[in-house]
Amino acid sequence: MIKAKRALKRYNLAYYVPVGLPELDEYLSAVKDLGLETIGTDGFAGWNDPLEIKRITDSIQRSGLKVASCHASIGLAWPDGDVQRSLADNRKVIDYAAGLGSPSTVWHFRWLRGEADDGGWAQYSVMDKLGPAKLDELISQVLPATCEYASKRGVGINLENLPLFSWARSSMEILQFIRDQRLENLGFILDSGHAWINGEQPADVIRSAGGLLRDTHFVDAIGARGWDKNRVAELKDVPARDLHAIIGMGTINWPEAIRALWEIDFQGPICFEGPGIKGHPERDQVRHWAYCVDLNTRMWRAMEEAAAYWPDVD
């Protein structure tokens, strides 16, 4: 029996821009040329540099583009439990997002703060050694004050699922952690590629998250590619699996994921991290990125129509 069709709902689309690159203005111009109005910010290594913050903020404000999401470039907490130092760092990231008018900041779940020469992140072996319980304890010490400060600035704190690492790959664990914290502006951001690599159906995660889903890093992926989950993941294991592929280039069931978004009344926008074709020989990064953004937008619109019009079959 063929069931009734669904009403078509189109989402506002946003694309992450690598704000730390000198070509930032070129990326912003490419977004506008493609008829888009909203971006996210990524690659923000200068989070602690007022001049770099001003450069980025000025460029984005001149462009007239809206900012939907800002990716933090540091972990939420220091491994030594220094709460005040962690809070001081977190407030700088929140201030940066608030200055751009972004309602969302994105933080890697259970990935701790590291020194500058590690890019602001603890080495993954630190999290392996500490384990989930200790990681949750450290993060729980800083989240209430971080969320309180962010709330006053109109910014959400959203925790992201990670690929392959055993301490942060379960979306269900993240969702339970968020519920246990009982902090109003603490939510979940779903990275669809990470979920698929980890053996999770993005549509199932969306339905489980419900109202806790506040942001997205949507990309396509082809799964774990032979990954042995009994292994301890290392950084070198991730790039060949986390492809940040164009929608439709991988094996995620996008019509079902979009139907799940409609079911939970997710308001959007849909933020894409990437997209690209890894290994592509095009040397002009901005031109290649814009080309892939255009392809991705067209594919996403096709998936929305498939979600509305493809029949279900009992």
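Please read these numbers as outputs of a predicted model, since none were measured by experiment. (Residues numbered from 1 in each chain as written. Predicted model: local features only at pLDDT ≥ 70, side-chain atom pairs only at ≥ 80, totals over all residues. Heavy atoms only, no water.)

(A) Summary view of the state of the cysteines. For the structure shown, the criterion picks out zero disulfides. Summary of cysteine pairing: cysteine 271 is not part of a disulfide, and the nearest cysteine sulfur, belonging to cysteine 70, is at 9.8 Å. Counting only cysteine sulfurs, cysteine 271 is the nearest neighbor of cysteine 292, a cysteine outside any disulfide, at a range of 18 Å. The buried category is assigned to cysteine 292, whose relative accessible area is 0%. (Disulfide = S-S within 2.5 Å. Buried < 20%, exposed > 50% of the residue type's maximum accessible area, 1.4 Å probe, protein only.)

(B) Region of the structure containing the packing of aromatic side chains. Enumeration over the complete set of coordinates arrives at 13 aromatic pairs. With centroids separated by 6.0 Å and ring planes inclined at 45°, the aromatic side chains of phenylalanine 218 and tryptophan 300 adopt a geometry described as tilted. Of this pair, phenylalanine 218 sits in the loop between β7 (213-217) and α8 (254-263) while tryptophan 300 sits in helix α9 (residues 285-309), and the two are 82 residues apart along the sequence. For the pair phenylalanine 218 and tryptophan 300, a shared accessibility class is recorded, and that class is buried. Above the face of the tryptophan 78 ring, arginine 85 is positioned so that its terminal group lies 3.6 Å from the ring centre. (Phe/Tyr/Trp six-rings, centres within 6.5 Å; stacked < 30°, edge-to-face > 60°. Helix = DSSP H or I, 4+ residues; strand = E, 2+ residues; numbered from the N terminus. Lys NZ or Arg CZ within 6 Å of the ring centre and 35° of its normal.)

(C) Geometry of the pairing of strand β3 (residues 66-71). Most of β3 sits out of view: five of its six residues are buried. Pairing analysis gives four bridges linking strand β2 (residues 38-42) to β3, with the strands arranged parallel. Across the sheet, isoleucine 39 pairs through a bridge with valine 67, a residue of β3. One crossover worth recording links β2 to the parallel β3 by way of helix α2 (residues 50-63), and it is right-handed. (Pairing = 2+ DSSP bridges. Right-handed = clockwise from strand over helix to strand, strands pointing away.)

(D) Focus on the sheet that holds strand β5 (residues 156-160). The strand order β7-β6-β5-β4-β3-β2-β1-β8 describes an open sheet built from eight strands, whose pairing is parallel. If you trace the sheet from one side to the other, it starts and ends with β7 and β8 (270-272), each paired once. Neighbour to neighbour, the strand axes of the sheet diverge by 30° on average, direction disregarded. Examined bridge by bridge, strand β1 (residues 13-18) and β8 share three bridges and lie parallel to one another. Bridge pairing in β8 places tyrosine 15 opposite phenylalanine 272. In this fold helix α1 (residues 24-33) packs onto β1 and β2, with an angle of close to 165° to the strand it touches most, β1. Each of β6 (186-191) and β7 is contacted by helix α7 (residues 202-209), which is oriented at about 170° to β6, the strand it contacts most. (Axes fitted to C-alpha atoms, helices over the stretch in contact; angles between N-to-C directions. Contact = heavy atoms within 4.5 Å.)

Remember that the coordinates give geometry; whether it matters functionally is a separate question.
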